[in-house]
Amino acid sequence: MTRQPINTILFDLDGTLLPLDQDQFIQDYFSRFVRKGQDLGYASEMLAIALQSGITAMVQNDGTLTNKERFDLVFEEVSGIDAEEFNERFASFYEHEFGFLKRHATPSPLAREIVHEVKEKGYTVVLATTPLFPWQGTKARIDWASLDSSQFSLVTTYEDFHHAKPNLGYYRQILQQIGKEASSCLMVGNDVEEDMVAQTLGMEVYLVTDCLINSTNKSTASYRTGSLQELAIFCKELPPCNH
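Okay, so let's go over this structure. (Residues numbered from 1 in each chain as written. Predicted model: local features only at pLDDT ≥ 70, side-chain atom pairs only at ≥ 80, totals over all residues. Heavy atoms only, no water.)

### What to know about the packing of aromatic side chains
- Enumeration over the complete set of coordinates arrives at 24 aromatic pairs.
- When the centroid spacing of 5.2 Å and the interplanar angle of 75° are considered together, the rings of Tyr29 and Phe133 count as edge-to-face. Placement of the pair is Tyr29 in helix 1 (residues 22-39) and Phe133 in the loop between strand 2 (124-127) and helix 7 (135-144), with a sequence separation of 104 residues. As far as burial versus exposure is concerned, Tyr29 and Phe133 are alike and both buried. (Phe/Tyr/Trp six-rings, centres within 6.5 Å; stacked < 30°, edge-to-face > 60°. Helix = DSSP H or I, 4+ residues; strand = E, 2+ residues; numbered from the N terminus. Buried < 20%, exposed > 50% of the residue type's maximum accessible area, 1.4 Å probe, protein only.)

### Describing a negative patch on the surface
- On the surface, a cluster of negative charge is made up of Glu76, Glu77, Asp82, Glu84, Glu85 and Glu88.
- Among the elements that make up the negative patch, the one with the highest residue count is helix 4 (residues 83-90) (3 residues).
- The topology assignment puts Glu76 in helix 3 (residues 67-79).
- What makes Glu76 partly exposed here is its relative accessible area of 36%. (Patch = residues over 30% accessible without salt bridge, like charges linked within 9 Å, V, L, I, M, F, W, Y side chains within 5 Å. Areas by Shrake-Rupley, 256 points an atom, 1.4 Å probe, with all protein chains shown as cover. Salt bridge = Lys/Arg side-chain N within 4 Å of Asp/Glu carboxyl O. Lys, Arg positive; Asp, Glu negative; His and termini not counted. Charge placed at Lys NZ, Arg CZ, Asp CG, Glu CD.)

Quick look at the structure:
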């Protein structure tokens, strides 16, 4: 059976198009989240537990609720705080405090070059960042990478998605929303477990090694691999897309 040509490219954001120290970013995010909650009069220890519980619930989401709905449900159960009220009071966090997390990123001009290159060649382009953040937090990180959400046919956020990486349901929902077959897609990411799992659905994959995450030391022999610079060269060599 002849494989159909690639016409769609899915890009991870953190550690891929946006080089990032993931551990420091997450640690600082937790710290600032809790501090903001404290400033609003909530107990810090309870907030930390509720935040972690909510994130775990999204990663384990069974698909019956969106990730936002799942997070709010668990956050409310654990903290005893009305989620709608908390979200309203907390909204300014993503407009102000979240911006300080940019210090853990080292944006590269290659990101804009890569996305522009494949768009110009006619490929459908998706920003496949695991949907654990609200739209505001995702938009901020897109901005840090000197990209624009309008460059992507789809940006995955927790308001709209029912699973998170590495759940295959996450990738299936992307395919459903953009109307593509897995065999016509290339997934580009830096996390062996979360991004390369797309290969099991029939997608081609590209592992970006600048900020490589391979927590289980899995063999990467079956993946195309390269630095962000090598990815840029790879994209330049891609044929025009005729879909």
